[in-house]
Amino acid sequence: ISLSVVAVSLKTKSSWPCRLRRRASKAERSRASVSLVRAEADEGHIAQSVLGHAADAGGDLVVMGGYSRPRLQEIVLGGVTRDMLAAMALPVLMSH
């Protein structure tokens, strides 16, 4: 099994979450090949960044968290979850 963990941050707020490193370590103990990828995106282009990486890596499945904002904020600002569902070119498994 090969697994890429992609952390997308906004170009204005770049950080590398420690939780991703811990999860990658757990996956490696299961004999999975894990690569950590740090990607940056502009506001509103996070979904394209994730899908672009999945396509470049030859991914078969995208697994991600799906979260929502209050309805008015979602209408005005949009959301990554909605963008992923609208643009997905391969299966996406979301968990809340």
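Structure first, text after, so check above.
Owing to the predicted nature of the structure, the values given are computational and were not obtained by experimental measurement. (Residues numbered from 1 in each chain as written. Predicted model: local features only at pLDDT ≥ 70, side-chain atom pairs only at ≥ 80, totals over all residues. Heavy atoms only, no water.)

Draft legend 1. Region of interest: a positive patch on the surface. A cluster of basic side chains, namely Arg 22, Arg 23, Lys 26 and Arg 29, defines a positive patch on the protein surface. Among the structural elements, Arg 29 can be located in helix 1 (residues 18–29). Here Arg 29 falls in the exposed class, since its relative accessible area comes to 64%. (Patch = residues over 30% accessible without salt bridge, like charges linked within 9 Å, V, L, I, M, F, W, Y side chains within 5 Å. Areas by Shrake-Rupley, 256 points an atom, 1.4 Å probe, with all protein chains shown as cover. Salt bridge = Lys/Arg side-chain N within 4 Å of Asp/Glu carboxyl O. Lys, Arg positive; Asp, Glu negative; His and termini not counted. Charge placed at Lys NZ, Arg CZ, Asp CG, Glu CD. Helix = DSSP H or I, 4+ residues; strand = E, 2+ residues; numbered from the N terminus. Buried < 20%, exposed > 50% of the residue type's maximum accessible area, 1.4 Å probe, protein only.)

Draft legend 2. Region of the structure containing the environment of Ala 89. By the secondary structure assignment, Ala 89 is in the loop between helix 4 (80–87) and strand 4 (92–95). Ala 89 gets classed as exposed once you look at its relative accessible area, which sits at 75%. Along the chain, Ala 89 and Ala 55 lie 34 residues apart, while their C-alpha atoms are 8.7 Å from each other.

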